[in-house]
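# Observations on chain architecture
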Amino acid sequence: MLDTLSAILTETGAQALGFFDTLNQRTVQAKAPGDLVSDADRAVEHTLRRLLSQNFPDHGILGEELGGRATGRFWAVDPIDGTANFLSGLPFWTISLGLIDHGEPIAGGIFAPALGLMAVGDTSGALRETGLTETSRSTDPPCIGLGRNSRWPAAERHATEAACEAAGHAPRLLGSCALSLMLVATGRLKGYIEPRVGGLWDCAAGLALCRAAGLPTSFKVHPDGSVDVLAGEVFGIAESAGWHGEILKKS
């Protein structure tokens, strides 16, 4: 499966880079204030669906742009996570594929084509990374990734940032949940915190990669489809920032 995921990500990554290198030709719409989608997002998702259907015909697909079903065993797909970064010409965007089996992320792959970084893994403990060397891995990274979205009240986000800093860590907002989780899994961020991220397509692959790396994770899916996400060594920080309930139970 990991070889197949790498091949799918490589093919779609080349397609996405072609769109990235021709930004002046993109057609862009706003799904909601601050939530953009381009012709590149939709085209890449069509390619992902075709390749996943060819290789995993018995699996369902849930995509950010084209919808789908979220039951049984299915792929949660984000063709371009970090669309605002992509459309700004920033390299901090990814293609993300996460396999969920009856509610649990079990495998995934994330590719940041403009950065040349890829990770694929599954919960058996297999984790492969491309584009970063083992000698560049920190034994104790000082940075923690935070998300930002309109559903996370600013006061709560500021409290979480303050809790990170009080614990001696530097908050970092990269603008891509999937990229941040990949960097947690590969030892470049100490952890990641974001409530109400847009959907499973943003986080399923990253959660699977963190689990493949043996890191603690927790997530909660809300009725509207948004997801609370914790990954890495951030559970104490989340609790001190006012998080509570089932989300603080590690898995």
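Below: a short report on this structure. Every value quoted in this text rests on a predicted model; they were computed, and no experiment measured them.

Time to look at the overall build of the protein. Along the backbone of the protein there are seven helices and 14 strands. At 17 Å, the protein has a C-alpha radius of gyration in line with the 18 Å of a compact globule built from 251 residues. Principal-axis analysis of the C-alpha atoms places the extent of the protein at approximately 45 × 40 × 40 Å. Burial statistics for the protein: of 251 residues in total, 52% are counted as buried. Considering only residue pairs separated by 6 or more positions, the protein has 61% of its internal contacts joining residues 24 or more positions apart. In the structure as shown, the protein presents an accessible area of about 10,500 Å², 52% of it carried by carbon and sulfur atoms.

By volume, the second largest pocket amounts to about 320 Å³. Lining the second largest pocket are 17 residues, with Glu 156, Pro 195, Asp 228, Trp 243 and His 244 positioned closest to its centre. Going through the elements one at a time, helix H4 (154-166) and strand S12 (191-197) are the ones with two or more residues in the lining of the second largest pocket. Residues belonging to the lining of the second largest pocket are distributed by class as follows: six nonpolar, five polar and six charged.

Reading across from one edge, S4-S3-S5-S6-S7-S8-S9 is the order of the seven strands in this open sheet, with mixed pairing throughout. At either end of the open sheet lies a strand with only one pairing partner, and these are strand S4 (67-68) and strand S9 (127-130). By the bridge criterion, two bridges tie strand S3 (residues 60-63) to S4 in an arrangement that is antiparallel. In the sheet register, Leu 62 faces S4, and the bridge partner there is Gly 68. Of the strands in this sheet, S3, strand S5 (73-81), strand S6 (94-101), strand S7 (104-112), strand S8 (117-122) and S9 are in contact with helix H6 (residues 200-212), which crosses S7 at around 100 degrees.

The next point concerns the side chain of Asp 81. Tracing the sequence through the fold places Asp 81 in strand S5. Side chain to side chain, Asp 81 and Ser 176 meet in a polar contact 2.6 Å long. Only 3.1 Å separates the side chain of Asp 81 from the backbone nitrogen of Cys 177, close enough to count as a polar contact. Look past the residues within four positions of Asp 81 in its chain and what remains in contact with it is Phe 92, Trp 93, Thr 94, Ser 176, Cys 177, Ala 178, Leu 179 and Asp 202.

Once that is clear, we can look at the environment of Glu 194. Along the chain, Glu 194 turns up in strand S12. By relative accessible area, which is 4% here, Glu 194 ends up buried. Residues Glu 194 and Ala 238 lie 44 residues apart in sequence; the distance between their C-alpha atoms is 9.8 Å. A polar side-chain atom of Glu 194 sits 2.8 Å from a polar atom in the side chain of Asn 149.

Spatial strand order, S11-S10-S12-S14-S13: five strands in an open sheet with mixed pairing. In this open sheet, the two edge strands, each paired with only one partner strand, are strand S11 (170-172) and strand S13 (217-221). Strand-to-strand twist of the sheet, defined as the mean angle between neighbouring strand axes without regard to direction, takes the value 15 degrees. Where S13 and strand S14 (residues 227-232) come together, five bridges link them in antiparallel fashion. Bridged to Lys 220 within S14 is Asp 228. Against the sheet, helix H5 (residues 177-185) makes contact with S12 and S14, and its axis sits at roughly 155 degrees relative to S12, the strand it touches most. Taken strand by strand, H6 contacts S12, S13 and S14, and its axis lies near 155 degrees from that of S13.

Turning our attention to the nonpolar core. By size, the foremost hydrophobic cluster in this structure holds 32 residues, and its most contacted members are Leu 181, Met 182, Leu 200, Cys 203, Val 227 and Val 229. Contributing elements (two or more residues each) for this core: S5, S7, S8, H5, S12, H6 and S14. Sequence-distant contacts of Met 182, defined by excluding residues within four places in its chain, comprise Ile 110, Ala 112, Leu 117, Met 118, Ala 119 and Leu 209. If you look at the next biggest cluster of nonpolar residues, it comprises 26 residues, including Ala 16, Phe 20, Ile 61 and Leu 97.

What counts, and at which threshold
Residues numbered from 1 in each chain as written. Predicted model: local features only at pLDDT ≥ 70, side-chain atom pairs only at ≥ 80, totals over all residues. Heavy atoms only, no water. Helix = DSSP H or I, 4+ residues; strand = E, 2+ residues; numbered from the N terminus. Rg over C-alpha atoms; globule rule 2.2 N^0.38 Å. Buried < 20%, exposed > 50% of the residue type's maximum accessible area, 1.4 Å probe, protein only. Contact = heavy atoms within 4.5 Å. Areas by Shrake-Rupley, 256 points an atom, 1.4 Å probe, with all protein chains shown as cover. 1 Å grid on protein atoms, 1.4 Å probe; cavity = no way out; pocket = protein on both sides within 12 Å on 5 of 7 lines; lining within 4 Å. Points joined across faces, edges and corners; volume = space filled by probe spheres on them. Nonpolar A, V, L, I, M, F, W, Y, C, P; charged D, E, K, R; others polar. Pairing = 2+ DSSP bridges. Axes fitted to C-alpha atoms, helices over the stretch in contact; angles between N-to-C directions. Polar contact = N/O pair within 3.5 Å; in protein donor to acceptor, adjacent residues only side chain to side chain. Core = buried A, V, L, I, M, F, W, Y, C linked by side-chain atoms within 4.5 Å.

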